[in-house]
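Each chain, letter by letter, is given below.
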Amino acid sequence: MDFSFTDEQNLLQESVARFIQNDYDFETRQKNCSESAGFNAGNWSTFAELGWLGVPFSEEDGGFGGSAVDTMILMEQFGKGLVVEPFLPSVIMAGGALKAGGNAEQKEKLLGGIIDGSVQGAFAYAEPQSRYNLADVTTSAVAEGDSFKLNGHKAVVLNAQNADIIIVSARTSGAQRDEAGISVFVVDANALGVSRRDYPTVDGLRASEVVLENVSVPGSDLLGTLDEGFAVVEQVIDEAILAIGAEAVGAMEVLYKNTVEYCKTREQFGQPIGKFQVLQHRMVDMFMEHEQSKSILFMAAIRLDEGYGPVAQKAVSALKVQLGKSARFVGQSAVQLHGGMGMTEELNIGHYFKRLTSILTLFGNADFHLKRFGRL
Amino acid sequence: MDLELNSQDLAFQQEVRAFIDSAWPAQARGRKTTPTGGYAGKRPAEEQHWFDALVARKWSVPDWPLEHGGTDWTPTQKYIWDRETAAAGCPAMSAFGVRMLAPVLYTWASDEIREQHLPSIRDGSVQWCQGYSEPGSGSDLASLQTKAVLDGDHYIVNGTKTWTSGAHIADWMFCLVRTDFNTQRRQQGISFILIDMKSPGVEVHPIYLLGEQHTVNSVSLVDVRVPVENLVGEQDKGWTYAKGLLTHERTGIAGVARSQIALRQLRDLAAATEQNGGVLAEDRSFVEKIDAVEVELMALEITELRTLATVEKGGAPGPESSILKLKGTEISQRIAELKVEALGYYSMPYPDELSLDNEGPIGPEESLPALQAMLWGRASTIFGGSTEIQKNIVAKAVLGL
């Protein structure tokens, strides 16, 4: 039983923390958000140079290790800085799909680009009607000779506007909500018939509605086995949940600590408001929710590293359930205790709250994961 | 990072399990044990057998230092012991002597006092109760008013102690008394003394609590003469000793193993309870309440292990340890509450012992114990530093407020 990090992991944590400290204050973050791509291209190069874009991948795949704990360490720091660079959609999700489903040739061709930063990816798994059910896929892929013809509408695809490749789940057989009969394709984002409506999201990121109209995809761009793509989608999403879970834990730490500091200095009724017991107890609750979330995050990372299967899936769903309670409470309480200032766009607190709110929804809310937890 | 026990600890776990198998017969498991555990002369035979085996194996007080008859187990081994004994439902030694008094004695008391009292605490032959709370001093313990005045080679003690668990069957009481009323800080001028319960002037009055048979009492002390050699450490320094006790952090305080058992019992109960032609375990909304508390419990288990891992490496428990009691009691209360909810109408009957003995249980056998456990369980967020006091402490000590 061991909750310590290896030397390499400590170095990774220090180097990401230093970057956030030196190069990612809140003002800079807001500037990065307002770039036309929704992030700072210079930062992306830095991430590539520092090897961070290779963190989730094994050395065999050209990465730097590939453990869930490594990813957790990096994402927790990103959460503290509210990093907007598309690490989650491009590296964790598109890269993760290549990792989980790709053959040697596909990895050779694309994963290297994800890791060196030259290729941007997106993962299009959700649809307007699907809510959180990963098997609810109406986008169709019909074989035509050596290629497939894709038609459908993919919803709220993170980073699609910057993507060179969009990895798409599509139905190749079976009924609308069958797990069997889903296949995963690497779609050239600039292919004929791909159209997007781009928009900002509430937490300062970029997403798109992606419509596929008779998009022709070569058979060689099928990722994994025909009709068996659900397993790939599920694993990518579970690993992505660990990543946003770590991000949420980082964000919650900033929120509870900033709130404590604020309450020590803000004076009302002739004393710092942190002297009021009703506020103290609320902050203790925030602290506890952060610690409990951190514990279950550790468990989920450890279980994922032991091997992907029902035990890991159950731990990941438990993490999402815990966040549903904790991240909501910490986010809302931080705004409440900052009073009117917490409501302003000017202060960082509300932006953390918005990110946490998105995280509550992303990849299935607490209700969805409580049911999944019960089934597993 | 990993959650595995190393081979040494796995071997230790096997050793503990083998011991439990021999000393605590399987048929006794799952039976309700005396909640305040281990009072001489009152135990069923299989409990006595267990305590005798503990003493014979020298495992009755594993948390004590080896030189005082404890063990040299590592924090992880102590954790394994707590987990395994809780999982098997083994009765625990009474905490008052073993966990609350003894650390004060082996840390601060004279050799004479140690020699007089530690062996009989270790073998469970002498029972202790704790004289801290008073009618006017609950959470605000330092306001205590029980007075001890030196008269030659005796203290004359006058006052009232309350919420005294086991006072009616205890041989001795360790007691906080005020020896100086003119101090700047109320925490000064308090002394830690040991009172023989047979002393003239000690009177015990029962207090009946929700869900329990008689365990707590008020104790009135009228002109009780206590020999000065029963003073622990120095006069007026008692608060320091009592407070030092609170830093003896125990991971077991979270009650994870006990809550895991209770959670399993709850699922069994839901599976056995009929509803709408099916069973309660098929009722999504009820099952989701169980699942939700299971997630909290999983998180708490890891929080406990994080604390343990820090202590194992020789560090002081981190800030996360402060939430063990807060969350642990919240979770056990929630499980107890859900058990009562599962019982439906049979959460209402409250037959007396005579009726139970003559006619057996009313409704499911577990209904009355579950109801009593829920009622009694409300105390867990009140005693040992109430939830509100704990939060005050975390606010100050961890958050610096």
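Peer 1: An account of the domain arrangement of chain A is needed here, citing residue identities and associated values.
Peer 2: Residues and elements named next belong to chain A. Entries for chain A in the domain assignment read domain 1 (7-119), domain 2 (122-228) and domain 3 (231-375). Between the C-alpha centres of domain 1 and domain 2 the distance comes to 23 Å. Listed by partner, the interface residues are 16 residues for domain 1 and 15 residues for domain 2. Per-element accounting of the side of domain 1 that touches domain 2 gives the leading share, seven residues, to helix α5 (residues 87-101). For the side of domain 1 that touches domain 2, the class distribution of residues is eleven nonpolar, five polar and no charged.

Peer 1: Please provide a residue-by-residue account of the domain arrangement of chain B, values included.
Peer 2: Partitioning chain B into domains gives domain 1 (7-93), domain 2 (127-236) and domain 3 (249-397). Its C-alpha centre places domain 1 of chain B at a distance of 31 Å from the equivalent point of domain 2 of chain B.

Peer 1: Summarise the interface of chain A and chain B; cite the residues concerned and give the values.
Peer 2: Many authors give the size of an interface as the accessible area that is lost as the parts come together. Counting residues at the interface gives 27 residues for chain A and 30 residues for chain B. Elements represented by at least two residues in the side of chain A that touches chain B include exactly α7 (230-265), α8 (277-306), α9 (310-337) and α12 (366-375) of chain A. Among the elements that line the side of chain A that touches chain B, the one with the most residues is α8 of chain A, at 14 residues. Counted by class, the side of chain A that touches chain B contains 17 nonpolar, seven polar and three charged residues.

Peer 1: Help me get a handle on the confidence of the model for chain B, residues and values and all.
Peer 2: All names here are of chain B. Looking at chain B, pLDDT values average 91 and 94% of them are 70 or higher. The low-confidence segment residues 33-41 (pLDDT under 50) makes 26 contacts with residues lying over four places distant or belonging to another chain. Here the complex is predicted with pTM 0.93, and the ipTM for its interfaces comes to 0.92.

Peer 1: Hey, could you go over helix α3 (residues 75-87) of chain B for me, with residue numbers and the actual values?
Peer 2: Residue and element names in this part refer to chain B. With 13 residues, α3 ought to run about 18 Å at 1.5 Å a step, and its terminal C-alpha atoms sit 18 Å apart, in line with that. Turning to α3, its buried residues number three or more, namely Pro75, Thr76, Gln77, Tyr79, Ile80, Trp81, Asp82, Arg83 and Thr85. Summarising the contacts, the buried residues of α3 are in contact with α1 (7-23), α7 (256-272) and α8 (284-312). Phi turns positive, to about 70°, at Gly89, one or two residues after α3.

Cut-offs and rules
- Starting from 1, residues in each chain are numbered consecutively following that chain's sequence as written.
- The order in which chains are written sets their letters, starting at A; the order in which ligands are written sets their numbers, starting at 1.
- For this predicted model, a pLDDT threshold of at least 70 governs which residues receive local features, and a threshold of 80 or more governs which side-chain atom pairs are given and counted, while totals over whole chains, interfaces and linings are taken from all residues.
- An automatic or database domain assignment supplies the start and end points of every domain.
- Contacts here follow a simple rule: the backbone-placed C-beta atoms of the two residues must lie within 7 Å.
- Each helix corresponds to a stretch of at least 4 residues labelled H or I by DSSP, and each strand to a stretch of at least 2 residues labelled E; elements are numbered beginning at the N terminus.
- Residue polarity is assigned by list, with Asp, Glu, Lys and Arg as charged and Ala, Val, Leu, Ile, Met, Phe, Trp, Tyr, Cys and Pro as nonpolar; anything else, Gly included, falls into the polar class.
- For every residue, the predictor reports its confidence as pLDDT, a number between 0 and 100.
- Working rule for helices: expected span equals 1.5 Å times residues minus one.
- Put plainly, a residue is buried at 20 or more neighbouring C-beta atoms within 10 Å of its own, exposed at 12 or fewer, and partly exposed in between, counting only other residues' C-beta atoms, which are placed from the backbone.

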